[in-house]
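# Structure assessment
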2 protein chains.
Amino acid sequence: MTFVVVGGDAAGMSAATKARREDPDMDIVVFEKGQWVSYGACGLPYYVEGEIQRLEDLVSVTPEEFREERDIDLRTGHEVTAVDPDARAVTASHEGGEVTVEYDHCLLATGAESVVPPIAGIDREGVFTLGSMTDGKQLRAFVARSRESSPVEQPDRGPACHFLETCEGAVGIVGGGYIGVEMAEALVANDFEVHLFQRGDRVLTGFSNATSEVVADHLRDQDVALYLGSEVRAVDGPADGRVEAVVTADDRVAVEMALLGTGVRPRTNLAEDAGIELGPTGAIATDGYRETSAPDVYAAGDCAEVDHVVTGEPDYVPLALTANRHGRAVGRTVAGTPTEGGGVAGTAAVKAFDVEAARTGVLDHEEAREARFDPVTETIEAKSRAGYYPAEGTVTVTLCADRDTGRVLGASLVSWYGEGAVHRSHAAVAAVTEGVTVADLADYDLVYAPPFNTTWDPVLTAAKVLEGEL
Amino acid sequence: MTFVVVGGDAAGMSAATKARREDPDMDIVVFEKGQWVSYGACGLPYYVEGEIQRLEDLVSVTPEEFREERDIDLRTGHEVTAVDPDARAVTASHEGGEVTVEYDHCLLATGAESVVPPIAGIDREGVFTLGSMTDGKQLRAFVARSRESSPVEQPDRGPACHFLETCEGAVGIVGGGYIGVEMAEALVANDFEVHLFQRGDRVLTGFSNATSEVVADHLRDQDVALYLGSEVRAVDGPADGRVEAVVTADDRVAVEMALLGTGVRPRTNLAEDAGIELGPTGAIATDGYRETSAPDVYAAGDCAEVDHVVTGEPDYVPLALTANRHGRAVGRTVAGTPTEGGGVAGTAAVKAFDVEAARTGVLDHEEAREARFDPVTETIEAKSRAGYYPAEGTVTVTLCADRDTGRVLGASLVSWYGEGAVHRSHAAVAAVTEGVTVADLADYDLVYAPPFNTTWDPVLTAAKVLEGEL
């Protein structure tokens, strides 16, 4: 019995590990084109920032450990060039040549790649993405170099800085999603003047409007220059190919570096070449067991579609927990215990300087209506601890529910870091997953003690208020 | 239409307020024997500690606000002496005499009172309880007096202090529940030498063994002298009636004050006199709408039974959220919208110095077996943030599930303060309430980002591990 895994990050290594635990005799081969496996890409902003010292620290299990302790035939530096479902074989090229391995089961865990938008000058030197370990290394090197050449000196901030004559110490971030927001923090911490360009009219568009506003205000308080509703038209610079400015319809902002945080797309070319079906989102289509249209070929992680727990429809939500979870399910399945990967609620969290935010489920009204719901949204701001408790803070909770059934569709929470917006989302995730009504959520016997919440946790208060609106 | 409420704290004032919101024309009379209404008794330890400056700060809504803004006929200083379900009338005595009011609906919200165990010398001067605002005031006065007479001077701690010749600066706490643990923190913060006596073999017996151990170790680290399995036999002292020592089978510990944190019991005498049925727990029996055996007489809060969401059986869990929740439901019901109060999961949280803990559901195996479950418990310790993230910490999660069905029965979590054990319990409360299996809980798409958890939140890891045990 041979299990061939294409891709050695979260989904791939979770599957390989779980299969090995369940079946000591299986032959498990993992092809990874790079040298890094099982790394925490979500930690890259903290590595660039300098909070994490060594790139190796992001690796949870080393290649040697996989090979020696888990008896997995991990072949790094092997790029898979073909998957042949008819021959049930995978072919990979490596420095020494090419190898073909026949499989009983195969997992495509090819991940995602950063989207590089079609902007003039996007290939200039000094334009970065942050998807891979290599990206992280290059960005950290840039930060280190730049700090060396212009040692820590607080740049002049404010409107005037948009028209600096020199671009030194200024950077442009294109995109106001997780990466954009986290990298704004990382770069401000390194004394860069950060300009953040967002095409839409708010940052963190997957979160609620209220969350976006709190985060945007906080970014501004941290001296991040925010350009909302501002599409980047070009990355400009001199003939030598360097970056000198980010250009929008209204602005030409001098920068020495531009970072693209414009999302990711699934790596599907291997699957497409193999005749494996993609789904409506453009990611690899799978059934509940993450099996693709090719028998015994599975797909999991950032290359594959998932089932949304609220809409019941296929969705593309490339996040780490899903990759781990679905990888693990596939590992069990191929080892003989068919295991569904389970739905996804689209839960996500972000820390932006001193603010934390989480979201889950469906918040966008258009998306909700497409799934035949009649969405109603309410936002409340409530104290994060008992009113009389010395430490003061608030949590802003947005809840979205279906008017007819009262079902909780989605939630978005934001607070100061440490005031618990993120962990409080646990109740909302459960409500969204279980199809609970706002009335039932409002009745949850959540924890209460003065150092942690008001008698009604902000999540309960939001549910009560929204219940009144239905 | 007249609604008469007996007792002006959480349940009573929630009911009165909700009824007023739903029905502007109803006559709403609240009898409260004391002067304080709607106060946060849970905040008393922080008031005694000195973290909260004024006792008034614990009051969320003042009597004047209830009267003037909410149009509630609140009569403080009125002690109800009789409820007559046949005559549908409530009689209260006050300084000026006696008053009888006929009701269409009546709510008994008489609360609970501190249990005073039958210990020799328990009536000595210097023995306190902490259930009421008056208790809080007296304790704070004691702390202030004591600090004045022996200004902040770190007492000698350690085994030797058990046999101090003078009891000055030493206090005994009888009972290792919430109050005992919170007051240990409050008194250590005021430089008292704290001796905590617990009859059982661990503190916080409603939590898991693992949680109790973490908290006990931490109490000892904070120089609290813990006496486990140590029943207090007497509070000893000289003939003038003062407290001088706490006496157990093994020890005679010199103290100048003893605090009883030995639990509460429901105040049911009014109900009993009215011929209203008590339940198996000794609290007032109610149906799903919190209606008692007497028609149109409701009971809510610390005097009443609740329905446990796991066992489906009546239970006695006197906590603030339930009082608010059930009071509110009764307010809606009497105003014309029959509303069930909803079940209770027995969720609770406590902060003990720099540790936070939460519990929910059924953890005790005997209790689980009585409810015809076959309980299996597993405890894990997991990192509270991504392994590579600079701030380090762990969360210890205990989960209990039914072997046959996999249903999550209960959870107990503990971590350093700020590492999120308490808010992470939100997922467990939902799971317990919804009757979710550990396999389904392990599949929840909980939030993940490096500053908040590992890819699998500790709650998910615990569910995965327990799933493997079933």
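### Observations regarding empty space enclosed by the protein
Residues and elements named next belong to chain B. Counting across every chain of the model gives 1 cavity of 30 Å³ or more. Around the largest cavity, the lining residues are Gly301, Asp302, Ala304, Val306, Tyr316, Val317, Pro318, Leu319 and Thr322. For the lining of the largest cavity, a count of residues per class yields 6 nonpolar, 2 polar and 1 charged.

### Comments concerning the interface of chain A and chain B
Listed per partner, the contact involves 64 residues of chain A and 64 residues of chain B. Counting each side, the surface lost to burial between chain A and chain B is near 5300 Å², with a carbon and sulfur contribution of 65%. Sorting the residues of chain A by area buried against chain B places Tyr388(A), His426(A) and Asp445(A) first, and these three jointly supply 15% of that buried surface. Taken together, chain A and chain B are joined by 4 salt bridges. For Glu467(B), the salt bridge identified is with Arg332(A), shortest N-O distance 3.7 Å.

### Some words on the relation of the copies chain A and chain B
Of the two same-sequence chains, chain A is brought onto chain B (RMSD 0.0 Å, axial shift 0.0 Å) by a rotation of 180 degrees. Accordingly, the operation relating the two chain copies is best matched by a two-fold axis.

### Quick word on the domain arrangement of chain A
Residue and element names in this part refer to chain A. Assigned domains of chain A: these are domain 1 (2–38 + 57–111 + 265–334), domain 2 (127–260) and domain 3 (355–469). Taken residue by residue, the interface counts 8 residues in domain 2 and 12 residues in domain 3. At the boundary of domain 2 and domain 3, one finds 0 salt bridges. There are 4 residue pairs in polar contact (both at pLDDT 80 or more) connecting domain 2 and domain 3. Taken together, the residues of the side of domain 2 that touches domain 3 break down into 4 nonpolar, 4 polar and no charged.

### Overview of the packing of aromatic side chains
Throughout the structure, instances matching the rule amount to 12 aromatic pairs over all chains. Seen from their ring centres, Phe142(A) and Phe192(A) are 5.7 Å apart, and the 20 degrees between their planes marks the pair as stacked. Note that Phe142(A) is positioned in helix H4 (residues 133–149) and Phe192(A) in the loop between helix H5 (178–188) and strand E11 (193–198), a separation of 50 residues in sequence. The pair Phe142(A) / Phe192(A) is uniform in exposure class, with both members buried. Look at Phe452(A) and Tyr417(B): their rings are 5.7 Å apart centre to centre, the planes differ by 75 degrees, and that puts the pair in the edge-to-face class. You can see Phe452(A) sitting in the loop between helix H11 (438–442) and helix H12 (458–469) and its partner Tyr417(B) sitting in the loop between strand E25 (408–416) and helix H10 (421–434), one on each of two chains. Phe452(A) gets classed as buried once you look at its relative accessible area, which sits at 3%. Here Tyr417(B) falls in the partly exposed class, since its relative accessible area comes to 29%. A cation over an aromatic ring shows up here: Arg140(B) above the ring of Tyr47(B), its NZ or CZ 4.5 Å from the ring centre. The ring of Tyr417(B) carries the charged tip of Lys351(B) above its face, separated from the ring centre by 5.0 Å.

### Remarks on the pattern of salt bridges
Counted by the stated rule, this structure contains 38 salt bridges over all chains. When the shortest N-O distance is used, the salt bridge between Lys18(A) and Glu22(A) registers 3.5 Å. You can see Lys18(A) and its partner Glu22(A) sitting in helix H1 (residues 10–22), 4 residues apart, about one turn around the helix. A relative accessible area of 14% places Lys18(A) in the buried class. Using a relative accessible area of 34% as the deciding quantity, one classes Glu22(A) as partly exposed. One salt bridge connects Arg403(B) with Asp374(B), and the closest N-O pair in it is separated by 3.6 Å. Linking Arg403(B) in the loop between strand E24 (394–402) and E25 with Asp374(B) in the loop between helix H9 (365–370) and strand E23 (375–383), this pair joins segments that are 29 residues apart in sequence. Since its relative accessible area comes to 40%, Arg403(B) is described here as partly exposed. When salt bridges with common partners are traced through the structure, they connect Glu113(A), Arg265(A) and Arg267(A) into a single cluster.

### Here's the deal with the environment of Phe373(B)
Residue and element names in this part refer to chain B. Within the fold, Phe373 resides in the loop between H9 and E23. Considered as a pair, Phe373 and Arg407 are 34 residues apart in the sequence and their alpha carbons are 9.3 Å apart. Filtering out sequence-adjacent residues up to four positions away, Phe373 remains in contact with Val310, Ala368, Asp402, Arg407 and Leu409.

### Things to note about the sheet that holds strand E2 (residues 27–32) of chain B
Residues and elements named next belong to chain B. Taken together, the 5 strands give an open sheet; going across it, the order is E3-E2-E1-E7-E18, and neighbouring strands pair in parallel fashion. Looking at the sheet topology across the chains shown, the edges are occupied by strand E3 (73–76) and strand E18 (297–299). Each strand of the sheet is rotated relative to its neighbour by a mean of 15 degrees, with strand direction disregarded. In the sheet, E2 pairs with E3 via 4 bridges, with the strands oriented parallel. What sits directly across from Val29, in E3, is Asp73.

### Here we look at the side chain of Arg328(B)
The topology assignment puts Arg328(B) in helix H8 (residues 320–334). In this structure, Arg328(B) is buried with no salt-bridge partner, the nearest side chain bearing the opposite charge being Glu467(A) at 4.5 Å. Look past the residues within four positions of Arg328(B) in its chain and what remains in contact with it is Trp456(A), Lys464(A), Glu467(A), Ser14(B), Ala15(B) and Lys18(B).

Criteria and thresholds
- Residues numbered from 1 in each chain as written.
- Chains lettered and ligands numbered in written order.
- Predicted model: local features only at pLDDT ≥ 70, side-chain atom pairs only at ≥ 80, totals over all residues.
- Heavy atoms only, no water.
- 1 Å grid on protein atoms, 1.4 Å probe; cavity = no way out; pocket = protein on both sides within 12 Å on 5 of 7 lines; lining within 4 Å.
- Points joined across faces, edges and corners; volume = space filled by probe spheres on them.
- Nonpolar A, V, L, I, M, F, W, Y, C, P; charged D, E, K, R; others polar.
- Contact = heavy atoms within 4.5 Å.
- Buried area = accessible area lost by both parts, 1.4 Å probe.
- Salt bridge = Lys/Arg side-chain N within 4 Å of Asp/Glu carboxyl O.
- Least-squares fit on C-alpha atoms with pLDDT ≥ 70 in both.
- Domains from an automatic or database assignment.
- Polar contact = N/O pair within 3.5 Å; in protein donor to acceptor, adjacent residues only side chain to side chain.
- Phe/Tyr/Trp six-rings, centres within 6.5 Å; stacked < 30°, edge-to-face > 60°.
- Helix = DSSP H or I, 4+ residues; strand = E, 2+ residues; numbered from the N terminus.
- Buried < 20%, exposed > 50% of the residue type's maximum accessible area, 1.4 Å probe, protein only.
- Lys NZ or Arg CZ within 6 Å of the ring centre and 35° of its normal.
- Pairing = 2+ DSSP bridges.
- Axes fitted to C-alpha atoms, helices over the stretch in contact; angles between N-to-C directions.
- Lys, Arg positive; Asp, Glu negative; His and termini not counted.

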